[in-house]
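# Examination of the molecular architecture
Here is what each chain is made of, one letter per residue.
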Protein chains: 2
Amino acid sequence: MTRAGAWVVTIGDELLRGEIVDSNKSFLSERLLQLELETARHVSVPDDAAAIEEVLRDASRRARVVLVSGGLGPTRDDITTEVAAKTFGRSLVRDPRALAEIQAFFAQVGREMAPNNAKQADFPEGADVLANPLGTAPGFMLEAEGALLFFMPGVPRELYRMLDHEVLPRIQARLGGGGVVRSALLRTFGMGESNLDHMLADLVRGDPDAQLGFRTQFPDNLVRVVVRAREAVAAEAKLAALVGQVRARIGDLVIAEGEEGLEQVVGRLLVERGRTLALAESCSGGLIASRLTDVPGSSRYLLAGLVTYSNASKVRELGVPRELIEQHGAVSEPVARAMAEGVRRASGADLGVATTGVAGPDGGSAEKPVGTLWLALADAEGTVCYRYQLMNERWRNKQMTSELALDWVRRRLLGLPITDRTFPRLRGDAGGRG
Amino acid sequence: MTRAGAWVVTIGDELLRGEIVDSNKSFLSERLLQLELETARHVSVPDDAAAIEEVLRDASRRARVVLVSGGLGPTRDDITTEVAAKTFGRSLVRDPRALAEIQAFFAQVGREMAPNNAKQADFPEGADVLANPLGTAPGFMLEAEGALLFFMPGVPRELYRMLDHEVLPRIQARLGGGGVVRSALLRTFGMGESNLDHMLADLVRGDPDAQLGFRTQFPDNLVRVVVRAREAVAAEAKLAALVGQVRARIGDLVIAEGEEGLEQVVGRLLVERGRTLALAESCSGGLIASRLTDVPGSSRYLLAGLVTYSNASKVRELGVPRELIEQHGAVSEPVARAMAEGVRRASGADLGVATTGVAGPDGGSAEKPVGTLWLALADAEGTVCYRYQLMNERWRNKQMTSELALDWVRRRLLGLPITDRTFPRLRGDAGGRG
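In what follows, the accompanying structure is described. Since this is a predicted model, take the numbers as computed values, not measurements.

Let us look at the overall build of chain A. Counting its secondary structure elements, chain A contains 14 helices and 17 strands. Dimensions of chain A along its principal axes, counting C-alpha atoms only, are 80 × 55 × 40 Å. The buried share of chain A, reckoned over its 434 residues, is 57%. For chain A, the proportion of contacts with a sequence separation of at least 24, taken over those separated by at least 6, is 67%. Split by element, the accessible area of chain A, about 17,400 Å² in all, is 49% carbon and sulfur. The averaged location of the 57 negative side-chain charges in chain A is 3 Å from the averaged location of its 53 positive side-chain charges.

Glancing now at the interface of chain A and chain B. Listed as interface residues are 55 residues of chain A and, on the opposing side, 55 residues of chain B. Of all residues in chain A, A:L16, A:R41 and A:Y309 bury the most surface against chain B, accounting for 13% of the area lost on that side. Scanning the region where chain A abuts chain B turns up six salt bridges. Notably, a salt bridge pairs A:E54 with B:R62, separated by 2.6 Å at the nearest N-O pair. Sorting elements by how many residues they give to the side of chain A that touches chain B places strand β2 (residues 39-45) of chain A first, with seven residues. Taken together, the residues of the side of chain A that touches chain B sort by class into 23 nonpolar, 19 polar and 13 charged. As paired strands, strand β14 (residues 302-307) of chain A and strand β14 (residues 302-307) of chain B are joined by three bridges and run antiparallel to one another. Bridged to A:V307 within β14(B) is B:G305.

Turning our eyes to something else, we now look at helix α9 (residues 262-273) of chain A. All names here are of chain A. Taking 1.5 Å as the rise per residue, α9 with twelve residues should run 16 Å; its terminal C-alpha atoms sit 16 Å apart, in good agreement. Taken together, the buried positions of α9 are L262, E263, V265, V266, G267, L269 and L270. Remark: G274 follows α9 within two positions and exhibits a positive phi of approximately 60°.

In this structure, A:L149, B:L149 and B:F151 are the most contacted members of the largest nonpolar core, which totals 66 residues. Residues within four places of B:F151 in sequence aside, it is in contact with B:L56, B:V68, B:L72, B:T80, B:A84, B:L130, B:G139, B:F140, B:L142 and B:M162. Counting 46 residues, the second largest nonpolar core, distinct from the first, contains A:V320, A:A330, A:C385 and B:V331.

Read across the sheet, ten strands follow the order β17(A)-β16(A)-β15(A)-β13(A)-β14(A)-β14(B)-β13(B)-β15(B)-β16(B)-β17(B) without closing on themselves; strand pairing throughout is mixed. On the outer flanks of this sheet lie β17 (382-389) of chain A together with β17 (382-389) of chain B, each paired with one strand and no other. Across the sheet, the mean angle from the axis of one strand to that of its neighbour is 10°, orientation sign disregarded. For strand β16 (residues 372-379) of chain A and β17(A), the ladder comprises eight bridges, and the chain directions are antiparallel. Note that in β17(A) the partner of A:L373 across the bridge is A:Y388. Of the strands in this sheet, β13 (277-281), β14 and β15 (351-357) of chain A together with β14 of chain B are in contact with helix α11 (residues 311-318) of chain A, which crosses β14(B) at around 35°.

Further remarks concern the side chain of A:R411. All names here are of chain A. Positionally, R411 belongs in helix α14 (residues 394-414). For R411, a relative accessible area of 0% gives the class buried. A distance of 3.1 Å separates the side chain of R411 from the side chain of D252, its partner in a polar contact.

Here we come to the pattern of salt bridges. A side chain of one charge can pair with a side chain of the opposite charge if their charged atoms are brought near each other. In this structure the tally under the stated criterion is 62 salt bridges over all chains. In this structure, A:R268 and A:E260 form a salt bridge, with 2.7 Å as the shortest nitrogen-oxygen distance. Note on A:R268: relative accessible area 37%, which makes it partly exposed. Judged by relative accessible area, which is 26%, A:E260 ranks as partly exposed. One salt bridge connects B:R94 with B:D122, and the closest N-O pair in it is separated by 2.7 Å.

Residue and element names in this part refer to chain B. In spatial order, the strands read β10-β11-β9-β12; together these four strands make up an open sheet with antiparallel pairing. Each end of this open sheet is capped by a strand with a single partner; those strands are β10 (210-217) and β12 (254-257). Adjacent strand axes in the sheet meet at a mean angle of 25° when their direction is disregarded. In this structure, strand β9 (residues 180-188) lies alongside β12, joined through three bridges in antiparallel fashion. Within the sheet, the bridge partner assigned to L186 lies in β12 and is E257. This element, helix α7 (residues 193-200), spans β9, β10 and β11 (220-229) of the sheet and lies at about 160° to β10. Sitting on the sheet, helix α8 (residues 232-250) is in contact with β9, β10, β11 and β12, with an inclination near 20° to β9.

Residues and elements named next belong to chain A. Across the ten residues that make up strand β11 (residues 220-229), a large majority, ten, are buried. The two faces of β11 match: D220, L222, R224, V226 and R228 on one face and N221, V223, V225, V227 and A229 on the other face are all buried. Looking at chain direction, strand β10 (residues 210-217) and β11 are connected through eight bridges and run antiparallel. Within β11, the position partnered with F214 by the bridge is V223. Following β10, the chain reverses through two residues before pairing antiparallel with β11.

What follows concerns unusual backbone geometry. Working note: non-glycine residues mostly have negative phi, and peptide bonds are mostly trans. Residues and elements named next belong to chain A. Of note, the amide linkage connecting G360 to P361 takes the cis form, showing an omega dihedral of 0°. Even without a glycine there, the phi angle at E145 is positive, about 55°. On the secondary structure map, E145 appears in the loop between β7 (139-144) and β8 (147-152). You can call E145 partly exposed: its relative accessible area is 39%.

Moving on: the pairing of strand β9 (residues 180-188) of chain A. In summary, the side chains of a regular strand alternate between the two faces of the sheet. Residues and elements named next belong to chain A. Buried residues dominate β9, accounting for seven of its nine residues. With nine bridges joining them, β9 and β11 adopt antiparallel strand pairing. When the sheet's bridge partners are listed, A184 is paired in β11 with V225.

All right, on to the environment of B:K398 then. Here B:K398 lies in helix α14 (residues 394-414). What makes B:K398 buried here is its relative accessible area of 2%. As a C-alpha pair, B:K398 and B:A336 span 62 residues in sequence and 16 Å in three-dimensional space. Here B:K398 is in contact with A:S290, A:T293, A:D294, B:C283, B:S284 and B:L287, once residues within four sequence places are set aside.

Turning our attention to the environment of B:E236. Residues and elements named next belong to chain B. Relative to the helices and strands, E236 resides in helix α8. In this structure, the C-alpha to C-alpha distance between E236 and S183, residues 53 residues apart in sequence, is 8.6 Å. Among the polar contacts listed, one links the side chain of E236 to the side chain of R182, at a separation of 2.9 Å.

Residue and element names in this part refer to chain B. Axis separation between helix α2 (residues 24-34) and helix α6 (residues 156-175) bottoms out at 11 Å; the angle between their running directions is 25°. By the angle between their directions, the pair α2 and α6 is classed as roughly parallel. For the pair α2 and α6, the sense of crossing is right-handed. On α6, the residues touching N24, F27, L28, R31 and L32 of α2 are P156, L159, Y160, L163, D164, L168 and I171.

Cut-offs and rules
- Residues numbered from 1 in each chain as written.
- Chains lettered and ligands numbered in written order.
- Predicted model: local features only at pLDDT ≥ 70, side-chain atom pairs only at ≥ 80, totals over all residues.
- Heavy atoms only, no water.
- Helix = DSSP H or I, 4+ residues; strand = E, 2+ residues; numbered from the N terminus.
- Buried < 20%, exposed > 50% of the residue type's maximum accessible area, 1.4 Å probe, protein only.
- Contact = heavy atoms within 4.5 Å.
- Areas by Shrake-Rupley, 256 points an atom, 1.4 Å probe, with all protein chains shown as cover.
- Lys, Arg positive; Asp, Glu negative; His and termini not counted.
- Charge placed at Lys NZ, Arg CZ, Asp CG, Glu CD.
- Buried area = accessible area lost by both parts, 1.4 Å probe.
- Salt bridge = Lys/Arg side-chain N within 4 Å of Asp/Glu carboxyl O.
- Nonpolar A, V, L, I, M, F, W, Y, C, P; charged D, E, K, R; others polar.
- Pairing = 2+ DSSP bridges.
- Expected span 1.5 Å × (residues − 1).
- Core = buried A, V, L, I, M, F, W, Y, C linked by side-chain atoms within 4.5 Å.
- Axes fitted to C-alpha atoms, helices over the stretch in contact; angles between N-to-C directions.
- Polar contact = N/O pair within 3.5 Å; in protein donor to acceptor, adjacent residues only side chain to side chain.
- Parallel < 35°, antiparallel > 145°, perpendicular 65-115°, else oblique.
- Left-handed = near helix turned anticlockwise from the far one by under 90°.

No statement about biological role is implied by the geometric values presented.
Dropping the structure here:
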């Protein structure tokens with residue numbers, strides 16, 4: 001039997017009880033494909049020594065690369081490391097450097113290390129330890145039965161980082177035929193996947209060592225740029241050049257490089273520029289404020305967030321003239337403008353942002369159907385206000401509204417244009433008009 | 001080797017390429033648990049005859065029940081049925097009734113049946129056909145190697161329906177001793193999983209036909225009540241009685257039956273009782289407002305939500321006396337009370353709720369460590385205010401704070417007590433004190 005490219009193994013009782021949807025497997029397989037490694041099998045087993053041993057034995061004999069996630073924690077249920085040692089006839093060895101890192105992690109978050117956390121510094125003899133700066137469980141690489149096995153934590157953000165920073169480079173070094181792969185992730189907002197593909201595809205056409213991948217993470221789209229070269233220096237130069245070409249075409253749609261979300265980006269920009277923000281949210285219902293306050297330190301720049309769901313609170317808290325609402329309705333350009341200007345004035349913030357719209361599923365009319373959104377941004381230069389027509393259900397409309405609003409703030413802080421043409425093809429579900 | 005309860009097998013290239021997250025497996029395993037069948041393994045293989053044959057052979061020899069999903073479509077890639085026939089030495093037989101149903105399905109949706117759809121009426125000899133009113137691919141049951149194998153489509157809604165209507169009753173009839181199973185799901189908040197277990201376990205002790213299952217869905221805990229009886233009427237009566245006993249013990253912790261969240265429950269109670277609500281959120285940062293406005297129609301009862309992240313906005317928008325903040329700090333009982341009373345007064349709402357705390361990771365002190373939360377609720381009867389000490393990271397502290405606040409509103413509307421003893425053992429990470 002020829003060896004398969006890869007097997008992906010996830011471990012945990014909660015998976016087999018159906019308590020959580022295991023999205024790690026699809027993530028791992030997608031990343032492996034970038035190295036041209038196809039996954040032949042996904043297997044999940046409970047925290048059971050015999051089951052783990054069996055699947056590790058099978059996988060190590062049948063695949064070139066085995067990615068394992070889960071069971072590296074400090075509790076009694078977490079037995080992956082000791083079962084791996086037993087399966088491949090290795091003893092467990094405590095790694096002093098890993099122990100110091102776990103201790104440092106606890107010190108950093110201001111908690112005391114429990115004694116059983118020390119077991120997370122134990123690894124099978126001969127293992128190569130994989131750093132985990134985001135958590136207490138380091139991973140490890142083992143060569144056994146002719147396979148490369150990687151053991152990683154099950155916590156998604158720890159797993160994602162370890163895969164990109166520790167695992168893929170090692171796979172590349174061992175199996176990549178001497179070449180070096182480098183990749184970058186660009187988070188974009190404002191254009192659909194197929195349009196992005198259409199805009200960018202020719203940049204890599206005919207080059208077997210360059211690749212663009214597209215993936216939706218509503219309401220954003222992620223563009224992964226992957227290049228290959230003989231040497232690291234050349235790969236990095238090639239990556240920088242290709243990322244530069246991508247940015248030259250869709251630069252103002254790129255929110256961030258890496259996994260950062262728009263709330264982090266906007267927060268950082270506000271701090272850097274010493275600007276403050278206030279929100280008057282109607283149809284977004286507090287979601288913009290909640291996203292911004294997910295970021296530590298947001299009290300420095302978020303001066304106020306008002307959820308003015310009722311007309312009375314628009315009048316009372318924002319000083320929107322009652323006649324304006326009576327004449328134009330709460331979902332209208334004059335009211336959106338008055339809300340943004342009102343919250344800016346009341347709070348003394350540099351920027352005021354307002355949303356008013358029909359979130360659905362009820363409350364729509366022929367003139368203002370469900371999904372109608374008026375967005376306004378007021379600052380010292382004046383007020384910008386445009387209408388969008390969203391087409392999703394309530395929850396997605398709120399998400400899209402919050403992303404649009406935060407992107408307006410980003411654009412304003414970066415000096416990028418905000419016009420009704422800014423989002424010409426917002427995945428077909430929002431087209432600006434003034 | 002003794003047989004496992006169940007294996008779950010999903011088939012499709014798209015799974016192994018990581019193009020979609022396979023949520024079918026967790027769904028299937030969760031449902032099997034209701035019949036007391038534990039899943040021992042999840043396996044996914046591509047649309048490849050050898051791989052499918054191997055996993056079907058393994059699974060049928062090692063599990064009592066094998067649930068297979070995917071590969072029943074009309075295309076060339078869909079080979080599950082013919083591989084199943086080959087694996088178990090059966091010929092393929094066209095089923096005239098299934099063919100008629102497929103033709104009827106196309107007629108109903110006004111489309112012409114393509115010739116290759118006819119292959120979806122082919123089944124291994126001896127198979128029991130499973131109806132699929134939502135799509136063109138019927139499923140089938142096969143007995144082989146001592147196992148019951150069920151083959152289902154991969155499209156989630158078709159799969160879900162087929163499982164509930166066709167598969168579980170057959171498993172029940174074969175393995176369940178002929179009885180009928182009924183279950184209910186209770187969503188609880190305020191007590192940890194192990195304490196719930198401790199409080200309730202004796203209700204089903206010694207009764208092989210009654211079972212309680214516990215599962216955390218942070219910050220809630222779900223209690224699944226499962227009973228079995230000879231006849232449907234008896235099963236329903238038994239279920240109602242057991243649910244009644246559970247409620248008698250932990251009634252005020254039960255937020256809802258079914259999948260409803262606290263924002264829906266609170267919204268419904270506010271409508272039913274004709275009451276209105278206003279929020280002054282500091283450490284919860286708008287999350288309570290955002291959750292409430294996820295519910296359609298929330299503008300009827302949510303009069304205002306203020307995210308008063310800065311001290312200035314606490315003073316300006318809520319009328320909190322500046323001296324109070326200077327004297328006690330923003331995270332303090334007097335300020336929490338003043339915020340709740342201030343937002344109630346300003347908005348004219350029946351209930352005013354306020355949160356102020358240290359969300360983390362920075363900003364803690366010895367006296368007010370990260371996770372300190374003051375929660376206050378003001379209404380015509382006065383103001384309740386207690387302190388909690390949360391122990392999670394920022395995101396989970398926000399979630400927990402919003403759940404506590406909404407639960408206080410629920411309790412107030414239902415006339416249930418709110419005291420510092422309300423949550424004596426909040427999963428060990430929050431203990432009220434006045």
